[in-house]
Structures are given as C-alpha cells and as structure tokens.
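Breakdown of the fold
Listed here are the chains, written in short residue letters.
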Amino acid sequence: MISGSPTLLATDGRVYLFARASDYTLWQRNFVGGAWGDWFPRGEFASNAFYGSLGAAAGANGSAWVTLRGTDGHVHLTVL
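Conventions used here
Residues numbered from 1 in each chain as written. Predicted model: local features only at pLDDT ≥ 70, side-chain atom pairs only at ≥ 80, totals over all residues. Heavy atoms only, no water. Pairing = 2+ DSSP bridges. Helix = DSSP H or I, 4+ residues; strand = E, 2+ residues; numbered from the N terminus. pLDDT = per-residue confidence, 0-100. Salt bridge = Lys/Arg side-chain N within 4 Å of Asp/Glu carboxyl O. Buried < 20%, exposed > 50% of the residue type's maximum accessible area, 1.4 Å probe, protein only. Contact = heavy atoms within 4.5 Å.

1. So, the pairing of strand β3 (residues 26-32)
- Direction of pairing for strand β2 (residues 14-20) relative to β3: antiparallel, over a ladder of six bridges. Each bridged residue has a counterpart across the sheet, and for Val15 the counterpart in β3 is Phe31.
- Between β2 and β3, which follow one another and run antiparallel, lie five residues, and Tyr24 among them has a positive phi close to 65°.
- Where β3 and strand β5 (residues 40-41) come together, two bridges link them in antiparallel fashion. Looking at β5, one finds that Trp27 is bridged to Pro41.
- Pairing of β3 with strand β4 (residues 35-36), which is carried by two bridges, proceeds in the antiparallel orientation. Each residue of the ladder has a partner; that of Val32, found in β4, is Ala35.

Rendered as structure tokens:
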C-alpha cells in the first residue's frame, strides 16, 4: 500500500517510479524496454527515513537525482 504521492521520472531509456509504502520505506519500479519490472525496496532508505514525497531529476547516463526531506528536517540529495 502506498502512503505518499508517487514520483515518476523519465530518463534515457527508462522511467523510474518511486513510492513510499505504508511501512514508510521507499520502493521502486522501472519501465524499460516497453515493460514494467517488479517492485523492489531501496535499501538506502530505512523505514521512516523521510517525510512526504520525493523530488527527482534526470542525471547523467540514465541516473536519477533524488531529493527528500529527512526526519532531521534537512533536504537530502542522493543519486540512484
């Protein structure tokens, strides 16, 4: 079950879908080659590590630049 607004990001040859689950962990699903892959958890984000939804921007070589508001009240940037 999703507990926050999902975030979509289109990059070179891929669409990322990020969603915060009801257990407050971040899950990801990718659209590549004309099909959606399975959901998988992002281990970088422990349960209850951030508030709200993610911001995302396309990076080099199909990477995703993800911003979030951490539980410490600061904005964090990570590249996936």
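Here the narrative resumes.
2. Some remarks on the confidence of the model for the protein
- Across the protein, the average pLDDT comes to 88, with 96% of residues at 70 or higher.
- Mean pLDDT across the elements of the protein bottoms out in strand β6 (residues 50-58) (86) and peaks in β4 (97).

3. Digging into the pattern of salt bridges
- Counted according to the given criterion, the structure contains one salt bridge.
- A salt bridge links Glu44 to Arg42; the shortest N-O distance between them is 2.4 Å.
- By relative accessible area, Arg42 is classed as buried at 16%.

4. What to know about the environment of Ala57
- Along the chain, the position of Ala57 falls in strand β6.
- Note: C-alpha distance between Ala57 and Ala10 (47 residues apart in sequence) is 8.5 Å.
- In this structure Ala57 touches Leu9, Ser63, Ala64 and Trp65, once residues within four positions along its chain are discounted.

5. Side note on the environment of Gly37
- Within the secondary structure layout, Gly37 lies in the loop between β4 and β5.
- Gly37 sits 28 residues away from Trp65 along the chain, and the two C-alpha atoms are 20 Å apart.
- Once you skip the residues sitting within four places of it in the chain, Gly37 turns out to touch Arg29 and Asn30.

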